[in-house]
Amino acid sequence: MQRLRDRAPAEVARILGAALGAQATVRSVSLDLARAGLAVHGIEVRSGSRTLLTAAELVGRPALGALLRGRLELHALSIPSATVRLQAEDLKRIAGMSADNRVASIAVADLQ
């Protein structure tokens, strides 16, 4: 379980960055039983030298069916407060990505 906790921030950052077409960093990831979700802390998304998004916390609610298959797929995301700085080219890049690139999915086995 410790290995899973150690690898989770990098894996969540990789998937978040891929979904937004940018470089993401995450400080920590934990389970939030009160909100039945995965809590991600210290999020920063950058494109080159520009910061696109910073958030103290993001909570993702996993899809139960995916968890039963050994995968983590976030069904809903909640960001209590964030700073977002997008420019027109950022929105065009995200909109132009295929749907497969925008879906966030982590195999639990990939984190072990």
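Scroll up to find the structure this text is about.
Below you will find a few notes about this structure. (Residues numbered from 1 in each chain as written. Predicted model: local features only at pLDDT ≥ 70, side-chain atom pairs only at ≥ 80, totals over all residues. Heavy atoms only, no water.)

## Description of a nonpolar patch on the surface
- Residues L64, L67 and L68 make up a contiguous nonpolar surface patch of about 340 Å² in total accessible area.
- With respect to the helices and strands, L64 occurs in helix α2 (residues 64-68). (Patch = residues over 30% accessible without salt bridge, like charges linked within 9 Å, V, L, I, M, F, W, Y side chains within 5 Å. Areas by Shrake-Rupley, 256 points an atom, 1.4 Å probe, with all protein chains shown as cover. Salt bridge = Lys/Arg side-chain N within 4 Å of Asp/Glu carboxyl O. Helix = DSSP H or I, 4+ residues; strand = E, 2+ residues; numbered from the N terminus.)

## Side note on the pairing of strand β3 (residues 50-62)
- Pairing between strand β2 (residues 37-47) and β3: nine bridges, direction antiparallel. Note on β3: the bridge partner recorded for E44 is T54.
- Linking β2 to β3, which pair antiparallel, is a turn of two residues; within it G48 sits at a positive phi near 65°.
- Pairing between β3 and strand β5 (residues 82-84): three bridges, direction antiparallel. By the bridge assignment for β5, L53 is matched with V84. (Pairing = 2+ DSSP bridges.)

## Quick look at the side chain of E57
- By secondary structure assignment, the location of E57 is in strand β3.
- Those residues within four positions of E57 in sequence are excluded, and the remaining contacts are R35, A39, V40, H41, I43, S78, I79 and P80. (Contact = heavy atoms within 4.5 Å.)

## Digging into the environment of G37
- Relative to the helices and strands, G37 is located in strand β2.
- The buried category is assigned to G37, whose relative accessible area is 6%.
- Spatially, the C-alpha atoms of G37 and V59 are 6.1 Å apart, while their sequence positions differ by 22 residues.
- Beyond its immediate sequence surroundings of up to four residues, G37 is in contact with S30, L31, D32, V59, G60, R61 and P62. (Buried < 20%, exposed > 50% of the residue type's maximum accessible area, 1.4 Å probe, protein only.)

## Overview of the pattern of salt bridges
- Scanning the entire structure with this criterion turns up two salt bridges.
- The residue E11 makes a salt bridge to R14 at a minimum N-O spacing of 2.5 Å. One end of the pair is E11 and the other is R14, both in helix α1 (residues 2-20) and three residues apart, which spans about a single turn.
- A salt bridge links R46 to E44; the shortest N-O distance between them is 3.8 Å.
- R46 gets classed as partly exposed once you look at its relative accessible area, which sits at 28%.

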